Every structure is written in C-alpha cells, then in structure tokens.
Amino acid sequence: MKNHVKYKNDKRFILSENIIGYIDGHGNIIDTQTAQDPCGVTPIEFDNSQKALEIIRHSTAHLMAQAITELYPNSQFFVGPVVDEGFYYDFRVDEKIGEEDLKTIEKKMKELIKKKYIIEKYEISKEEALKKFANDDLKLAVLSRIPDNVVSIYKQGEFEDLCRGPHVPGLRFLNNFKLTRVAGAYLGGDEKAEMLTRIYGIAFADKESLNAHMTMLEEAKKRDHRKIGAEMELFMFNEEAGAGLPFWMPQGAKLRVKLEEILHKAHRIRGYQPVRGPEILRSDMWRTSGHYACYGENMYLTEIDEQEYGIKPMNCIGHIQIFKQTQKSYRDLPLKFYEYGVVHRHEKSGVLHGLLRVREFTQDDAHIFCTPEQISSVVLEVVEFVDAVMKLFGFNYTMEVATKPEKAIGEDSVWELATQGLKDALDGNSLPYTIDEGGGAFYGPKIDVKITDALGRKWQCGTIQVDFNLPQRFDIEYVAEDNTRRQPVMIHRAILGSFERFIAILTEHYAGEFPFFLAPTQVIFVPIAQSHVAYANTLKQVLMLEGIDAEVSDKNDSLNKRIRTAEKQRVPYVVVIGDEEVGTQTVAIRDRRAKEQYNLTQDEFMVKLKQQLQEGKI
RNA sequence: GCCCAGAUGGCUCAGUGGCAGAGCACUUCCUUGGUAAGGAAGAGGUCGGCGGUUCAAUUCCGCUUCUGGGCUCCA
C-alpha cells in the first residue's frame, strides 16, 4: 500500500455514532472516509432520509459483492449503483445463480456484518489501478469510463472494490436489507454485449421500514391486473393460441365496450369522424409509407395470390387512403378521422407482459389532417382531450417530447419544424414536459403521455405525433384558399394508447373496484327466496334497457353465500330483494363503493344509477 | 431476442423413480335462508408438448411451447 494516500477517520469529525456522512455546500454526499473538515458540511444521520438511504444502499451493494466473492471466488464485478427501488450489482460468475441462492447470499452477508468490518478508503493513480485490475476486464471496462487520474478503492476486511463511494463507516449500519430478485443484464446496457448476472436488493436504516416496504410490495402485487383480471374473469391468454394474444372474456369485454362507448361520444362531440381501414394491405403500400424499411422487423407478413401483404402495425395508411379518396378543401381542415384500430406488432417474446405489452392490441387511434399553421392549436386541443380523459379516471400523468430516432425518414429541417411545433404548443400554454432524445416515431416527433402503474412503473399510453413525412410520401393534398394544391400535415394521436394497456392500468389503479360507469356488472340482484325472483328479473330488465349491466343471483346457494360471491366480484351495487321490497316496490342496496346499506324506491334507485352513468362523460 | 426461475383437475397450490392429493369452483339432492362461505353426495387430471435414460418417469436429462422476474425495445 505504499504511495497510497489513506484517509483515517479523524475522531474530531465524528459528532456522534449516528453520523454516516456529510452533505457539502453543493449538495454532494461526502462520506466519513473522505471528510476532512467538518466546517461547511451538514451531517447525514443514520436514518431513512434520501441521502442516508443512498449511502446505506450503496454500501449494501458492496456487502453483497463481498458475500458473492466469498461464495463464488471466480466472480468479477462490473457496476453496483443505487437506483429508485434500491440497488443492484452486475457481475460475471461461472455458476448459475437462481432465486434460491439469494438466501445463501443474504446469510453470508449477515455473517460478514457480524465481523464488524469498518469500511476504509484509499486512493491510487489510474495507472496503478490499471495494473491492479489487469486481470479483471470488467473493472478495466469501468476504469475506461472514469476520466479522473486518481481513483478510489474501498476496503472492508479482505474485500476491495474500485468505487467512487460514498459508503457508511462500517458494516454495522447494514443490518436491514433484502435481496429481491436475480436477473440478467447486458454489459453496458448493450443488447449485443455479453449478459451479466444482476441481483437487485433493497435496504433501510431500520427493520420496520424494510418490513413496511416489503408489505407495500405485497399490496401492490394484489393489485396486479393479471391477478385481478383472472379473479374477475376479464381476460385470458391461451398457450396453444400463442403468446401476447389476449382473449376478452365476457366481464372484460363488457368493461371494454363501456370504455369504447364513452370514447365514441367524446370523439364525436370533438368533431372526429369514424373510419375503418383493412387489417392487411399490400406490401407495396408499406414500402411507400416507409414502414417496410423502418418497422419491417416488427411486422407480420403473409402472401396472397403470390403477392406479399403486411398485417397493419399502425392505422395511418388506411386513414390516408380514405383522405385521398375525395378531393379536400382548406375548408375541410382540420379533418379528424378516428378508428379503434386493431394492430399487430411482433414484440420480442421476453417483453410480453399481461395486457400491458401484447402482440395484438387496439388503439384509440386518430389522424388529424391540418395546415402547418393549425398544428399548434390542434396539438393543444388534443392535449386538452388527454387531460379530460386522465381527469375522468384520476390519473397523474407526465408528458415527454420525443425527438428524431436513429432509424427515421425525412429531412432534418422538417423534423426540427415538427419538433418545435410540439414544444411550442406545450410552452405556449406552460404545460410541463421532459425531453426524450431519439425516442420519436420513425416518421415524426411525438409527445408521449405516461401513466404510472401500481408498482410504480411508467407506461406510455397517449401519444401525439406530428408528421410531415407520410403526407409527402403519399402525395396527399388539399385545395387552398388561393386555389393552389397544398400538402396537409398529419397529427397521429391516441388518448388511451391502447385499450389493452389502458384497461390494465385502470384495473391496477382501481384494484378492480371500477367506477359504476365502467364496472362489467353494475348491479346484482339477490332475491332472498324463489318467490322474489320474478320481481328481481323485472328490475333487471328495466336496468338493461337503460344500458346498465345487471344480473340476478338465483343460484341454489344461501343468501349469505350469494352476497359474498357478488361482493367478491366487486359489483358496485348488490340489491337484496325480499318480501318487504316486493311489497313496497323498493330495493335494499348494499353500496360497495360507499360501503353502506340503505333502502330506496325503484324510482330513486333509477335516478341514482342514471346519475352515476353520467359521471362517465367527457 | 438474451439471462434466471417455473408449468400437477376450471382456479390456488401440496406431493412422489412404482395406485395422483387438498381447498375453492362445477353437477345433483336436501335446505327457502334478511346482508361476506348451510349440509350431503358426485364428477373432473395421459402431472404443458415431444424425445431420451430406466424393468418402471408426473418425478432424472435434452429440446420445445407458455408463464413469471429482469435486460434491451415499445402503446
């Protein structure tokens, strides 16, 4: 260790046993190993503050690496950062590591903690580091990314790791952790590179917080749309039919139809006209559009009468043909076509995920043909439409402006114009957004609307895309005021994104307790005895005529059992019908959403239900 | 597509190199009950598919389909 500058923990800086680091004037974390002067720094207590957890979790990642090194001596480590949901470490190992092995690693980590190692730091020159890790290509890869000439090494017991820190003073601060999952991860995030083993974990300052976190995860799992979807018989998949191809069961289809109807009305009152294009189009058309070249690997192709056809992965081409069919005037613009377009995309097998990521889905797709001058107002109108839908369901969402991707058609200047158009619409109305560099569609930039699911994952739903390219490729035009032929701009947009993904998120958002206007079965009548079934059936018919899905539960089960079954199906209103109700022409309601019971007359009940149907209006 | 882990009645899950198990659901019967599981009987599985090892495979091995957790990519 000659030449190494070693930082001793100077006792003067240790204000208490509970300090695990400091924050300097710039908000940076300085760990106790690095801190030299306590002036102008704020101590970080050993608690669950964001800064404290960052240090604790990073050190826990190191502790895990130390344990793995002891259990698998040939393992080599790449990077082990702190992420939103804890920490991970990527490493290469000869053995296969599975979920079961996590327990063994945790046990070893606990053993190491008992050895009460302190964590020390020393610095060496990059040159020395290159020599020191000459036999470790992963460490060399890490070193190659560090521009500094001096690098730091952290040491606990025999274990040393190249690291920038920060770390807790000793292992005694690392008692409350859990290794959560083992996964594969590409070296450097590059799909073509080697795949390393990654273990994720979480850590807190105290056991209670760790337990609370694990409980929260369990709760989130209960809301998983795949679980609720099976329980409520909303949708299914079938091994023989193939992966990523959802089947909508009656309950799910009823919910979906309600959503479709709400959206139909919302589109019509906003001046959209329904259209529909074919499911498959000749490949020549996909060549003209650029899909064949830019999106071909995601398309399903087939042959009919020796001609190649492509199943549509997007709906724009169909809408363009409909636009072209009749001559358009500037007076027609903006012209808005919408379609619940079924699309097929060959998503990689590993990315399929319940209804959130499938190979066949239906977009609430629309294309707005307008003049360049109209872009800003059209985009704004769409943003307001998005907001109305999000508010209806109480979603928080974020917007991202996605710019030109690597694989794209069209001139840079056109791209810039379109991108600026999107930004202007948002800036002009002071709507917040972030930039997703290179995340645009191949034909144009877009605004993505992202919603967070029960597990905190963000999903792209709505999207607004400005497109100068397809109008040019298909040579579409309108007659301007001065009788010249001009090219319109296309705005591609979806509000839900897809019914599949949106319903998945709705399911998790409501934990299956859908609002009345969406619930698959909205009212279930429970007649107490056979003699009350006729009255229940009459009421059911009245509701059905009003467009309210109602059922009568007249199975040969006890009253309690039938109420329990209805409750478990998450039906908003369970209505019990007995002698009293038949006699007075009333209903006894169990209101699942309000969690209360009360009696109403038939008329009062109808008024209440119709009122609640209206809540689904946008 | 890549890494890891799985697949046992409709569902949730036990279990085993030698006869396949439970709860719920389902069917029939009894029960007609006033707000979250009344009772009895019964039916239902080539242990995901194909191949191999073995006297014998649901169990061990290989491939494959599908599922789950990630990576990469996307609505």
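Note that the structure is a prediction, hence the values are computed from the model and not measured.

Draft legend 1. Broad picture of the sheet that holds strand 4 (residues 42-45). The strand order across the open sheet built from 3 strands is 3-2-4, with neighbouring strands paired in antiparallel fashion. Each of the sheet's edge strands pairs with one partner strand only, and the pair in question is strand 3 (29-31) and strand 4. The mean angle between the axes of side-by-side strands here comes to 40°, regardless of whether they run parallel or antiparallel. Relative to strand 4, strand 2 (residues 19-23) is paired through 4 bridges, and the arrangement is antiparallel. The residue of strand 4 that forms the bridge with I19 is E45. Running at roughly 120° to strand 2, helix 1 (residues 50-71) makes contact with strand 2, strand 3 and strand 4 of the sheet.

Draft legend 2. Summary view of the environment of L71. Locating L71 in the fold gives a position in helix 1. Spatially, the C-alpha atom of L71 lies 8.0 Å from that of K108, the residues being 37 residues apart in sequence. Beyond its immediate chain neighbours, meaning those up to four positions away, L71 contacts T104, I105 and K108.

Draft legend 3. Here's a closer look at the side chain of Q612. Of note, Q612 is situated in helix 18 (residues 602-614). Looking at Q612, its side chain comes within polar contact range of the side chain of Y573, at 2.6 Å. Residue contacts for Q612: discarding those within four places in its chain leaves F516, F517 and Y573.

Draft legend 4. Local environment of the packing of helix 7 (residues 250-269) against helix 14 (residues 499-510). Where helix 7 meets helix 14, the axes come as close as 11 Å, and the angle between the chain directions of the two elements is 110°. One finds that helix 7 runs roughly perpendicular with respect to helix 14. Only F499, E500, F502, I503 and L506 of helix 14 make contact with helix 7, whose side of the interface consists of L255, R256, L259 and E260. Here the contact of helix 7 with helix 14 is composed, by residue class, of 6 nonpolar, no polar and 3 charged.

Draft legend 5. The arrangement of the sheet that holds strand 16 (residues 280-282) in detail. If you trace the 3 strands from one edge of the open sheet to the other, you get 16-18-17, paired in antiparallel fashion. Each edge of the sheet is formed by a strand with only one pairing partner; in this case those strands are strand 16 and strand 17 (301-304). Each strand of the sheet is rotated relative to its neighbour by a mean of 40°, with strand direction disregarded. Bridge analysis of strand 17 against strand 18 (residues 307-311) gives 4 bridges, and the strand direction is antiparallel. Residue pairing across strands places T302 opposite Y309, the latter belonging to strand 18.

Draft legend 6. Region of the structure containing the domain arrangement of chain A. Examined at the domain level, chain A breaks down into domain 1 (5-219), domain 2 (232-510) and domain 3 (523-614). Inter-centroid distance (C-alpha atoms) of domain 2 to domain 3 is 41 Å. Listed by partner, the interface residues are 4 residues for domain 2 and 4 residues for domain 3. In this assembly, domain 2 packs against domain 3 so that about 350 Å² is buried in total across both faces, 47% of it on carbon and sulfur atoms. Sorting the residues of domain 2 by area buried against domain 3 places M232, K254 and K258 first, and these three jointly supply 90% of that buried surface.

Draft legend 7. Layout of the layout of surface pockets. Approximately 1,400 Å³ is the volume attributed to the largest pocket. Considering the residues around the largest pocket, the lining is formed by 43 residues, among which Y295, R345, E347, R357 and K446 are closest to the centre. Of all elements in the fold, only strand 20 (360-370), strand 24 (458-467), strand 27 (489-494) and helix 14 reach the threshold of two or more residues within the lining of the largest pocket. No other element matches the 6 residues that strand 24 contributes to the lining of the largest pocket. Grouping the amino acids of the lining of the largest pocket by side-chain chemistry returns 16 nonpolar, 13 polar and 14 charged.

Draft legend 8. Summary view of the protein's contact with RNA strand B. Among the 59 residues in the neighbourhood of RNA strand B, the closest are listed as Y186, R357, V358, Q460 and I528. In this structure, H353 approaches RNA strand B through a side-chain N or O atom, which is 3.4 Å from a phosphate oxygen. Within the contact set of RNA strand B, a base nitrogen lies 3.4 Å away from a side-chain nitrogen or oxygen of E567. Per-element accounting of the surface near RNA strand B gives the leading share, 7 residues, to helix 16 (residues 559-568). Residue classes in the surface near RNA strand B are distributed as 19 nonpolar, 16 polar and 24 charged.

Draft legend 9. Layout of the pairing of strand 10 (residues 159-162). Relative to strand 10, strand 9 (residues 150-156) is paired through 4 bridges, and the arrangement is antiparallel. If you follow Y154 over to strand 10, its bridge partner there is D161. Connecting the antiparallel pair strand 9 and strand 10 is a turn made up of 2 residues, with G157 showing a positive phi of about 60°.

Draft legend 10. Just helix 11 (residues 375-393), in detail. An ideal rise of 1.5 Å per residue puts 27 Å on 19 residues; helix 11 measures up with 28 Å between its terminal C-alpha atoms. The complete set of buried residues in helix 11 reads I375, V378, V379, L380, V382, V383, F385, V386, V389, M390, L392 and F393.

Draft legend 11. Molecular detail of the nonpolar core. Counting residues in hydrophobic clusters, the biggest one holds 60 residues, and the most contacted among them are L259, V379, F393, I491, F502, L506 and F514. The element best represented in this core is helix 11, accounting for 11 residues. When near neighbours in sequence (up to four residues on either side) are disregarded, F393 contacts L259, F502, L506, H509, Y510, F517 and L518. Formed by 42 residues, the second largest nonpolar core is a distinct cluster that contains I44, I68, V168 and L210.

Draft legend 12. Region of the structure containing the packing of aromatic side chains. The tally for this structure, following the rule as stated, stands at 20 aromatic pairs. Put simply, the rings of Y272, Y338, Y340, F385 and F499 touch in pairs and so form one group of aromatic residues. One Lys or Arg, R198, reaches over the ring of Y88 and ends 3.6 Å from the middle of that ring.

Draft legend 13. Representation of helix 5 (residues 207-222). With 16 residues, helix 5 should reach 22 Å at 1.5 Å per residue; the first-to-last C-alpha distance of 23 Å fits that figure. Turning to helix 5, its buried residues are S209, L210, H213 and A220. Buried residues of helix 5, viewed axially, fall in a sector of 105°; they line one side. Where helix 5 is buried, its residues meet strand 11 (176-186) and strand 12 (195-204). Capping the start of helix 5, D206 holds a side-chain oxygen 3.2 Å from the backbone nitrogen of E208, two or three residues further along.

Reading the values: rules and limits
Residues numbered from 1 in each chain as written. Chains lettered and ligands numbered in written order. Predicted model: local features only at pLDDT ≥ 70, side-chain atom pairs only at ≥ 80, totals over all residues. Heavy atoms only, no water. Pairing = 2+ DSSP bridges. Helix = DSSP H or I, 4+ residues; strand = E, 2+ residues; numbered from the N terminus. Axes fitted to C-alpha atoms, helices over the stretch in contact; angles between N-to-C directions. Contact = heavy atoms within 4.5 Å. Polar contact = N/O pair within 3.5 Å; in protein donor to acceptor, adjacent residues only side chain to side chain. Parallel < 35°, antiparallel > 145°, perpendicular 65-115°, else oblique. Nonpolar A, V, L, I, M, F, W, Y, C, P; charged D, E, K, R; others polar. Domains from an automatic or database assignment. Buried area = accessible area lost by both parts, 1.4 Å probe. 1 Å grid on protein atoms, 1.4 Å probe; cavity = no way out; pocket = protein on both sides within 12 Å on 5 of 7 lines; lining within 4 Å. Points joined across faces, edges and corners; volume = space filled by probe spheres on them. Near = heavy atom within 4 Å. Expected span 1.5 Å × (residues − 1). Buried < 20%, exposed > 50% of the residue type's maximum accessible area, 1.4 Å probe, protein only. Core = buried A, V, L, I, M, F, W, Y, C linked by side-chain atoms within 4.5 Å. Phe/Tyr/Trp six-rings, centres within 6.5 Å; stacked < 30°, edge-to-face > 60°. Lys NZ or Arg CZ within 6 Å of the ring centre and 35° of its normal. Arc of directions from axis to C-beta.

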